[in-house]
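# Examining the three-dimensional arrangement
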Amino acid sequence: MGLYKRKNTWWMSFSYQGRQYQRSTGTTDKAIAQRIHDAVRGKIALGQWIPEERQEKPETSFNELAEQYTAWAQGRQRAFKRWKSYLVKKLVTRFGNLYLSDVTTQMIEQYQSEILANGKKPATANRAIAVLAHMISKACDWEMCSADVLKRIRKVKHIKENNRRLRYLSKEECQNLINACEPHLKPIVITALNTGMRKGEILTLKWDNVDMKHGFILLDITKNGERREIPINDTLRGVLQGITRRLDIPYVFYDNATGKPYRDVKRSFNTALRRAGIKDFHFHDLRHTFASHLVMAGVDITTVKELLGHKTLTMTLRYAHLAPSHKVEAVKKFDVFMNSKNSDPEGKKSQNYYKFMTLNGNGLTAEAKMH
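This section reports on the structure supplied with the text.

Parameters and conventions
- Residues numbered from 1 in each chain as written.
- Predicted model: local features only at pLDDT ≥ 70, side-chain atom pairs only at ≥ 80, totals over all residues.
- Heavy atoms only, no water.
- Helix = DSSP H or I, 4+ residues; strand = E, 2+ residues; numbered from the N terminus.
- Buried < 20%, exposed > 50% of the residue type's maximum accessible area, 1.4 Å probe, protein only.
- Contact = heavy atoms within 4.5 Å.
- Pairing = 2+ DSSP bridges.
- Axes fitted to C-alpha atoms, helices over the stretch in contact; angles between N-to-C directions.
- Parallel < 35°, antiparallel > 145°, perpendicular 65-115°, else oblique.
- Left-handed = near helix turned anticlockwise from the far one by under 90°.
- Nonpolar A, V, L, I, M, F, W, Y, C, P; charged D, E, K, R; others polar.
- Phe/Tyr/Trp six-rings, centres within 6.5 Å; stacked < 30°, edge-to-face > 60°.

## A short note on unusual backbone geometry
A positive phi angle, near 55 degrees, is found at Glu 143, a position not held by glycine. Of note, Glu 143 is situated in the loop between helix H5 (122–141) and helix H6 (147–154). By relative accessible area, Glu 143 is classed as partly exposed at 33%. Even without being glycine, Asp 280 reaches a positive phi, approximately 50 degrees. As for its placement among the helices and strands, Asp 280 is situated in the loop between helix H11 (266–276) and helix H12 (285–296).

## Overview of the environment of Met 12
Tracing the chain through its elements places Met 12 in strand E2 (residues 9–16). Separated by 11 residues in sequence, Met 12 and Arg 23 have C-alpha atoms that sit 5.4 Å apart. Among residues more than four places away in sequence, those in contact with Met 12 are Gly 2, Leu 3, Tyr 4, Tyr 21, Gln 22, Arg 23, Thr 25, Ile 36, His 37 and Val 40.

## Regarding the environment of Lys 305
With respect to the element layout, Lys 305 can be found in helix H13 (residues 301–308). Taking the C-alpha atoms as reference points, Lys 305 and Ala 291, 14 residues apart in sequence, are found 8.8 Å from one another. Excluding residues that lie within four positions of it along the chain, Lys 305 makes contacts with His 310, Lys 311, Thr 312, Leu 313 and Thr 316.

## Notes on the sheet that holds strand E6 (residues 228–231)
Sheet architecture is open: three strands sit in the order E4-E5-E6, paired in antiparallel fashion. Strands at the two margins of the open sheet, each flanked by one partner only, are strand E4 (210–211) and E6. Where E4 meets strand E5 (residues 216–219), two bridges bridge the pair, whose relative direction is antiparallel. Counterpart to Val 210 in the pairing with E5 is Ile 217.

## Notes on the packing of H5 against H6
Following both chains from N to C, one finds H5 and H6 inclined at 165 degrees, their axes separated by 9 Å at the closest point. Our classification of the angle between H5 and H6 gives roughly antiparallel. The handedness of the crossing between H5 and H6 is left-handed. Here Leu 132, Ala 133, Ile 136, Ser 137 and Cys 140 of H5 lie close against H6, whose contacting residues are Ala 147, Val 149, Leu 150, Ile 153 and Arg 154. Class assignment for the residues of the contact of H5 with H6 results in eight nonpolar, one polar and one charged.

## Examining the packing of aromatic side chains
A full pass over the atoms with the stated rule returns six aromatic pairs. Look at Phe 95 and Tyr 111: their rings are 5.4 Å apart centre to centre, the planes differ by 75 degrees, and that puts the pair in the edge-to-face class. Placement of Phe 95 in helix H3 (residues 80–95) and of Tyr 111 in helix H4 (residues 105–117) is noted, with a sequence separation of 16 residues between them. For Phe 95, a relative accessible area of 1% translates into the label buried. We classify Tyr 111 as buried; its relative accessible area is 8%.

As C-alpha coordinates, this is what we get:
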(Lines give C-alpha, C1' and ligand atoms only; values in the text may rest on other atoms or scores of the structure.)
Protein backbone atom coordinates (compact mmCIF):
# COMPACT_ATOMS: atom_id res chain seq x y z
CA MET A 1 0.00 0.00 0.00
CA GLY A 2 1.22 3.49 -0.74
CA LEU A 3 0.87 6.81 -2.51
CA TYR A 4 2.60 7.85 -5.70
CA LYS A 5 2.31 10.67 -8.21
CA ARG A 6 1.10 10.62 -11.79
CA LYS A 7 1.33 13.98 -13.54
CA ASN A 8 1.01 15.91 -10.26
CA THR A 9 -2.02 13.88 -9.14
CA TRP A 10 -1.67 11.52 -6.19
CA TRP A 11 -2.62 7.90 -6.80
CA MET A 12 -2.97 5.15 -4.23
CA SER A 13 -2.01 1.52 -4.53
CA PHE A 14 -3.46 -1.14 -2.25
CA SER A 15 -4.36 -4.83 -2.21
CA TYR A 16 -7.72 -6.43 -1.51
CA GLN A 17 -8.28 -10.19 -1.30
CA GLY A 18 -4.96 -10.87 -3.00
CA ARG A 19 -5.54 -8.46 -5.88
CA GLN A 20 -3.66 -5.22 -6.48
CA TYR A 21 -5.67 -2.03 -7.08
CA GLN A 22 -4.58 1.41 -8.26
CA ARG A 23 -6.93 4.35 -7.84
CA SER A 24 -6.62 8.10 -8.32
CA THR A 25 -7.29 10.21 -5.24
CA GLY A 26 -8.28 13.07 -7.54
CA THR A 27 -6.11 15.59 -5.67
CA THR A 28 -2.70 17.18 -5.93
CA ASP A 29 -2.55 17.71 -2.16
CA LYS A 30 -0.61 14.90 -0.50
CA ALA A 31 -2.25 15.42 2.91
CA ILE A 32 -5.73 15.06 1.41
CA ALA A 33 -4.60 12.08 -0.64
CA GLN A 34 -3.26 10.45 2.53
CA ARG A 35 -6.62 10.88 4.27
CA ILE A 36 -8.43 9.33 1.29
CA HIS A 37 -5.95 6.46 1.29
CA ASP A 38 -6.38 5.94 5.04
CA ALA A 39 -10.17 5.90 4.62
CA VAL A 40 -9.95 3.16 2.00
CA ARG A 41 -7.64 1.14 4.22
CA GLY A 42 -10.10 1.56 7.09
CA LYS A 43 -13.01 0.27 4.99
CA ILE A 44 -10.92 -2.71 3.88
CA ALA A 45 -10.08 -3.52 7.50
CA LEU A 46 -13.79 -3.40 8.44
CA GLY A 47 -14.83 -5.38 5.37
CA GLN A 48 -16.85 -2.45 4.07
CA TRP A 49 -14.89 -1.66 0.89
CA ILE A 50 -16.41 -2.97 -2.34
CA PRO A 51 -14.20 -2.88 -5.45
CA GLU A 52 -15.56 -1.24 -8.55
CA GLU A 53 -15.14 -4.21 -10.83
CA ARG A 54 -16.39 -2.28 -13.82
CA GLN A 55 -13.60 0.28 -13.48
CA GLU A 56 -10.65 -1.04 -15.39
CA LYS A 57 -7.11 -0.49 -14.24
CA PRO A 58 -5.81 2.59 -16.10
CA GLU A 59 -3.20 2.06 -18.78
CA THR A 60 0.30 3.29 -17.96
CA SER A 61 2.12 5.41 -20.50
CA PHE A 62 5.84 5.23 -21.10
CA ASN A 63 6.12 8.82 -19.86
CA GLU A 64 4.63 7.79 -16.52
CA LEU A 65 6.97 4.82 -16.24
CA ALA A 66 10.00 7.04 -17.04
CA GLU A 67 9.07 9.43 -14.22
CA GLN A 68 8.79 6.67 -11.65
CA TYR A 69 11.86 4.83 -12.94
CA THR A 70 13.99 7.98 -12.77
CA ALA A 71 12.86 8.65 -9.20
CA TRP A 72 13.62 5.04 -8.27
CA ALA A 73 17.04 4.87 -9.99
CA GLN A 74 18.51 8.08 -8.57
CA GLY A 75 20.66 7.16 -5.60
CA ARG A 76 20.27 3.44 -6.24
CA GLN A 77 22.30 3.01 -9.41
CA ARG A 78 25.77 4.55 -9.67
CA ALA A 79 25.65 4.59 -13.46
CA PHE A 80 22.32 6.44 -13.65
CA LYS A 81 23.67 9.98 -13.54
CA ARG A 82 26.58 9.04 -15.79
CA TRP A 83 24.71 7.71 -18.80
CA LYS A 84 21.45 5.98 -17.92
CA SER A 85 19.51 9.22 -17.37
CA TYR A 86 20.57 10.32 -20.86
CA LEU A 87 19.29 7.08 -22.38
CA VAL A 88 16.00 7.31 -20.49
CA LYS A 89 15.44 10.76 -22.01
CA LYS A 90 16.16 9.35 -25.47
CA LEU A 91 13.70 6.52 -24.89
CA VAL A 92 11.04 8.97 -23.72
CA THR A 93 11.49 10.96 -26.93
CA ARG A 94 10.90 7.79 -28.94
CA PHE A 95 8.21 5.98 -26.90
CA GLY A 96 6.89 8.58 -24.44
CA ASN A 97 3.39 8.93 -25.84
CA LEU A 98 2.75 5.19 -26.10
CA TYR A 99 1.08 2.99 -23.52
CA LEU A 100 3.34 0.21 -22.29
CA SER A 101 0.97 -2.38 -23.69
CA ASP A 102 1.43 -0.84 -27.16
CA VAL A 103 5.21 -1.35 -27.26
CA THR A 104 6.03 -4.21 -29.64
CA THR A 105 9.10 -6.21 -30.59
CA GLN A 106 9.07 -4.65 -34.05
CA MET A 107 9.13 -1.13 -32.60
CA ILE A 108 12.21 -1.94 -30.53
CA GLU A 109 14.04 -3.51 -33.46
CA GLN A 110 13.23 -0.47 -35.60
CA TYR A 111 14.67 1.72 -32.86
CA GLN A 112 17.86 -0.37 -32.94
CA SER A 113 18.10 0.21 -36.69
CA GLU A 114 17.59 3.96 -36.26
CA ILE A 115 20.45 4.16 -33.75
CA LEU A 116 22.82 2.37 -36.14
CA ALA A 117 21.60 4.46 -39.10
CA ASN A 118 22.61 7.60 -37.17
CA GLY A 119 26.20 6.38 -37.09
CA LYS A 120 26.19 5.05 -33.53
CA LYS A 121 27.97 1.84 -32.58
CA PRO A 122 26.25 -1.45 -31.67
CA ALA A 123 27.25 -0.90 -28.04
CA THR A 124 25.11 2.26 -27.94
CA ALA A 125 22.09 0.40 -29.31
CA ASN A 126 22.61 -2.47 -26.87
CA ARG A 127 22.81 -0.11 -23.90
CA ALA A 128 19.58 1.58 -24.90
CA ILE A 129 17.75 -1.76 -25.23
CA ALA A 130 19.18 -2.96 -21.91
CA VAL A 131 17.87 0.15 -20.14
CA LEU A 132 14.48 -0.23 -21.84
CA ALA A 133 14.27 -3.89 -20.77
CA HIS A 134 15.11 -2.96 -17.18
CA MET A 135 12.47 -0.22 -17.17
CA ILE A 136 9.81 -2.65 -18.39
CA SER A 137 10.98 -5.23 -15.86
CA LYS A 138 10.46 -2.72 -13.05
CA ALA A 139 7.08 -1.81 -14.53
CA CYS A 140 6.07 -5.48 -14.21
CA ASP A 141 7.29 -5.52 -10.61
CA TRP A 142 5.23 -2.41 -9.91
CA GLU A 143 2.21 -3.97 -11.70
CA MET A 144 2.12 -1.18 -14.26
CA CYS A 145 2.05 -3.62 -17.17
CA SER A 146 1.67 -7.32 -17.87
CA ALA A 147 4.49 -9.82 -18.22
CA ASP A 148 3.64 -10.10 -21.92
CA VAL A 149 5.15 -6.67 -22.54
CA LEU A 150 8.43 -7.76 -20.97
CA LYS A 151 8.43 -10.95 -23.05
CA ARG A 152 8.17 -8.86 -26.22
CA ILE A 153 11.12 -6.71 -25.17
CA ARG A 154 13.26 -9.74 -24.33
CA LYS A 155 12.74 -11.14 -27.81
CA VAL A 156 14.92 -8.33 -29.17
CA LYS A 157 18.45 -9.67 -29.54
CA HIS A 158 21.51 -7.57 -28.81
CA ILE A 159 23.70 -6.66 -31.75
CA LYS A 160 27.13 -8.24 -31.86
CA GLU A 161 29.76 -5.76 -30.68
CA ASN A 162 33.35 -5.41 -31.78
CA ASN A 163 35.23 -4.63 -28.57
CA ARG A 164 38.62 -5.76 -29.77
CA ARG A 165 40.11 -2.25 -29.91
CA LEU A 166 43.40 -2.22 -28.02
CA ARG A 167 45.35 0.99 -28.49
CA TYR A 168 48.29 1.59 -26.18
CA LEU A 169 51.31 3.87 -26.12
CA SER A 170 54.97 2.95 -26.26
CA LYS A 171 57.28 4.15 -23.50
CA GLU A 172 58.47 6.99 -25.70
CA GLU A 173 54.90 8.04 -26.53
CA CYS A 174 54.00 7.99 -22.83
CA GLN A 175 56.80 10.41 -22.07
CA ASN A 176 55.94 12.63 -25.06
CA LEU A 177 52.32 12.82 -23.91
CA ILE A 178 53.28 13.71 -20.34
CA ASN A 179 55.61 16.45 -21.60
CA ALA A 180 52.80 17.86 -23.76
CA CYS A 181 50.30 18.10 -20.88
CA GLU A 182 49.24 21.34 -19.22
CA PRO A 183 50.23 21.56 -15.51
CA HIS A 184 46.75 20.62 -14.27
CA LEU A 185 46.52 17.64 -16.64
CA LYS A 186 49.98 16.15 -16.15
CA PRO A 187 49.41 14.53 -12.70
CA ILE A 188 46.07 13.16 -13.92
CA VAL A 189 47.68 11.45 -16.93
CA ILE A 190 50.57 10.10 -14.85
CA THR A 191 48.06 8.68 -12.37
CA ALA A 192 46.20 6.94 -15.21
CA LEU A 193 49.40 5.50 -16.68
CA ASN A 194 50.62 4.17 -13.34
CA THR A 195 47.36 2.80 -11.93
CA GLY A 196 45.05 1.90 -14.81
CA MET A 197 42.25 3.75 -13.02
CA ARG A 198 39.24 4.87 -15.03
CA LYS A 199 38.82 8.58 -15.75
CA GLY A 200 35.84 8.89 -13.43
CA GLU A 201 37.74 7.17 -10.63
CA ILE A 202 40.65 9.59 -11.02
CA LEU A 203 38.64 12.80 -11.30
CA THR A 204 36.59 11.95 -8.20
CA LEU A 205 39.52 10.59 -6.17
CA LYS A 206 39.65 11.96 -2.62
CA TRP A 207 42.60 12.20 -0.26
CA ASP A 208 40.71 9.99 2.19
CA ASN A 209 41.15 7.17 -0.33
CA VAL A 210 44.90 7.70 -0.66
CA ASP A 211 47.00 5.84 1.90
CA MET A 212 50.51 7.22 1.42
CA LYS A 213 51.81 5.46 4.52
CA HIS A 214 51.05 1.95 3.27
CA GLY A 215 51.27 2.86 -0.41
CA PHE A 216 47.73 2.13 -1.64
CA ILE A 217 44.80 3.88 -3.28
CA LEU A 218 41.58 2.41 -1.88
CA LEU A 219 38.55 2.61 -4.15
CA ASP A 220 35.32 1.77 -2.33
CA ILE A 221 32.95 2.59 -5.19
CA THR A 222 33.99 1.12 -8.54
CA LYS A 223 32.25 0.30 -11.80
CA ASN A 224 31.71 -3.35 -10.90
CA GLY A 225 30.65 -2.52 -7.36
CA GLU A 226 33.63 -4.14 -5.65
CA ARG A 227 36.34 -2.57 -3.49
CA ARG A 228 39.72 -2.25 -5.19
CA GLU A 229 43.21 -1.58 -3.83
CA ILE A 230 45.79 -0.09 -6.18
CA PRO A 231 49.49 0.03 -5.20
CA ILE A 232 51.25 3.39 -5.38
CA ASN A 233 54.61 3.04 -7.16
CA ASP A 234 57.52 5.45 -6.74
CA THR A 235 56.58 7.51 -9.79
CA LEU A 236 53.03 8.07 -8.60
CA ARG A 237 54.15 8.70 -5.03
CA GLY A 238 56.36 11.54 -6.26
CA VAL A 239 53.47 13.06 -8.21
CA LEU A 240 51.03 12.87 -5.29
CA GLN A 241 53.55 14.36 -2.90
CA GLY A 242 54.00 17.27 -5.29
CA ILE A 243 50.29 18.19 -5.27
CA THR A 244 49.30 21.03 -2.95
CA ARG A 245 46.58 19.72 -0.67
CA ARG A 246 43.90 22.13 0.53
CA LEU A 247 42.12 21.26 3.75
CA ASP A 248 38.84 22.72 2.49
CA ILE A 249 38.84 20.53 -0.66
CA PRO A 250 38.64 16.73 -0.27
CA TYR A 251 39.56 15.95 -3.89
CA VAL A 252 43.07 15.18 -5.13
CA PHE A 253 42.49 16.81 -8.53
CA TYR A 254 40.38 19.95 -8.70
CA ASP A 255 39.90 23.18 -10.62
CA ASN A 256 41.71 26.01 -8.83
CA ALA A 257 39.14 28.50 -10.09
CA THR A 258 36.12 26.71 -8.60
CA GLY A 259 37.59 24.41 -5.97
CA LYS A 260 35.54 21.59 -7.44
CA PRO A 261 36.70 18.40 -9.20
CA TYR A 262 37.04 18.51 -12.98
CA ARG A 263 33.92 17.30 -14.77
CA ASP A 264 36.06 16.28 -17.74
CA VAL A 265 39.50 16.90 -19.23
CA LYS A 266 38.64 16.03 -22.82
CA ARG A 267 39.65 19.36 -24.35
CA SER A 268 43.03 19.67 -22.63
CA PHE A 269 43.74 15.97 -23.22
CA ASN A 270 43.08 16.29 -26.96
CA THR A 271 45.36 19.35 -27.05
CA ALA A 272 48.14 17.35 -25.41
CA LEU A 273 47.66 14.54 -27.94
CA ARG A 274 48.05 16.99 -30.84
CA ARG A 275 51.21 18.45 -29.31
CA ALA A 276 52.65 14.96 -28.81
CA GLY A 277 51.72 13.90 -32.35
CA ILE A 278 49.58 11.01 -31.09
CA LYS A 279 46.53 10.04 -33.16
CA ASP A 280 43.55 7.72 -32.65
CA PHE A 281 43.86 7.73 -28.88
CA HIS A 282 41.33 8.24 -26.06
CA PHE A 283 41.76 8.82 -22.34
CA HIS A 284 40.49 5.29 -21.62
CA ASP A 285 43.39 3.98 -23.72
CA LEU A 286 45.71 5.05 -20.90
CA ARG A 287 44.14 2.18 -18.97
CA HIS A 288 44.94 -0.13 -21.89
CA THR A 289 48.50 1.20 -21.85
CA PHE A 290 48.91 0.38 -18.17
CA ALA A 291 47.59 -3.17 -18.65
CA SER A 292 49.56 -3.80 -21.85
CA HIS A 293 52.88 -2.82 -20.30
CA LEU A 294 52.17 -4.99 -17.26
CA VAL A 295 51.62 -8.03 -19.49
CA MET A 296 54.70 -7.26 -21.61
CA ALA A 297 56.72 -6.96 -18.39
CA GLY A 298 55.77 -10.54 -17.52
CA VAL A 299 53.04 -9.88 -14.95
CA ASP A 300 50.50 -12.72 -14.92
CA ILE A 301 46.98 -12.14 -16.25
CA THR A 302 45.32 -12.82 -12.90
CA THR A 303 47.30 -10.04 -11.22
CA VAL A 304 46.49 -7.67 -14.10
CA LYS A 305 42.80 -8.55 -13.66
CA GLU A 306 42.94 -7.63 -9.97
CA LEU A 307 44.74 -4.34 -10.64
CA LEU A 308 42.23 -3.33 -13.30
CA GLY A 309 39.26 -4.40 -11.20
CA HIS A 310 37.76 -6.60 -13.91
CA LYS A 311 34.82 -8.73 -12.85
CA THR A 312 35.91 -11.73 -14.93
CA LEU A 313 39.19 -12.99 -16.34
CA THR A 314 37.65 -12.97 -19.83
CA MET A 315 37.79 -9.16 -19.86
CA THR A 316 41.52 -9.23 -19.12
CA LEU A 317 42.41 -11.90 -21.68
CA ARG A 318 42.28 -9.29 -24.43
CA TYR A 319 45.84 -8.40 -23.36
CA ALA A 320 47.10 -11.99 -23.34
CA HIS A 321 48.40 -11.85 -26.92
CA LEU A 322 51.07 -9.38 -25.79
CA ALA A 323 52.74 -12.05 -23.65
CA PRO A 324 54.04 -14.66 -26.21
CA SER A 325 57.18 -12.74 -27.17
CA HIS A 326 58.13 -12.57 -23.50
CA LYS A 327 57.47 -16.27 -22.96
CA VAL A 328 60.61 -16.99 -24.99
CA GLU A 329 62.68 -15.26 -22.33
CA ALA A 330 60.85 -17.21 -19.63
CA VAL A 331 61.76 -20.52 -21.29
CA LYS A 332 65.38 -19.38 -21.58
CA LYS A 333 65.42 -18.61 -17.88
CA PHE A 334 64.02 -22.07 -17.19
CA ASP A 335 66.84 -23.54 -19.26
CA VAL A 336 69.39 -21.59 -17.24
CA PHE A 337 67.75 -22.79 -14.06
CA MET A 338 67.85 -26.45 -15.06
CA ASN A 339 71.45 -26.31 -16.24
CA SER A 340 72.71 -24.34 -13.26
CA LYS A 341 71.24 -26.96 -10.94
CA ASN A 342 73.51 -29.68 -12.41
CA SER A 343 76.63 -27.56 -12.06
CA ASP A 344 75.73 -26.25 -8.63
CA PRO A 345 75.57 -29.15 -6.14
CA GLU A 346 74.94 -26.88 -3.17
CA GLY A 347 72.07 -25.13 -4.94
CA LYS A 348 73.40 -21.59 -4.43
CA LYS A 349 72.75 -20.53 -8.03
CA SER A 350 69.28 -22.07 -7.93
CA GLN A 351 68.45 -20.15 -4.77
CA ASN A 352 69.62 -16.88 -6.30
CA TYR A 353 67.61 -17.62 -9.44
CA TYR A 354 64.51 -18.33 -7.38
CA LYS A 355 64.88 -14.98 -5.63
CA PHE A 356 65.30 -13.27 -8.99
CA MET A 357 62.13 -14.86 -10.39
CA THR A 358 60.17 -14.03 -7.24
CA LEU A 359 61.16 -10.38 -7.27
CA ASN A 360 60.41 -10.00 -10.97
CA GLY A 361 57.18 -11.95 -10.85
CA ASN A 362 55.44 -9.95 -8.12
CA GLY A 363 55.60 -6.45 -9.52
CA LEU A 364 56.81 -4.19 -12.27
CA THR A 365 60.43 -4.50 -13.27
CA ALA A 366 62.51 -1.38 -13.61
CA GLU A 367 61.94 -1.51 -17.38
CA ALA A 368 58.19 -1.50 -16.95
CA LYS A 369 58.01 1.70 -14.89
CA MET A 370 56.53 4.56 -16.92
CA HIS A 371 57.89 7.98 -16.15
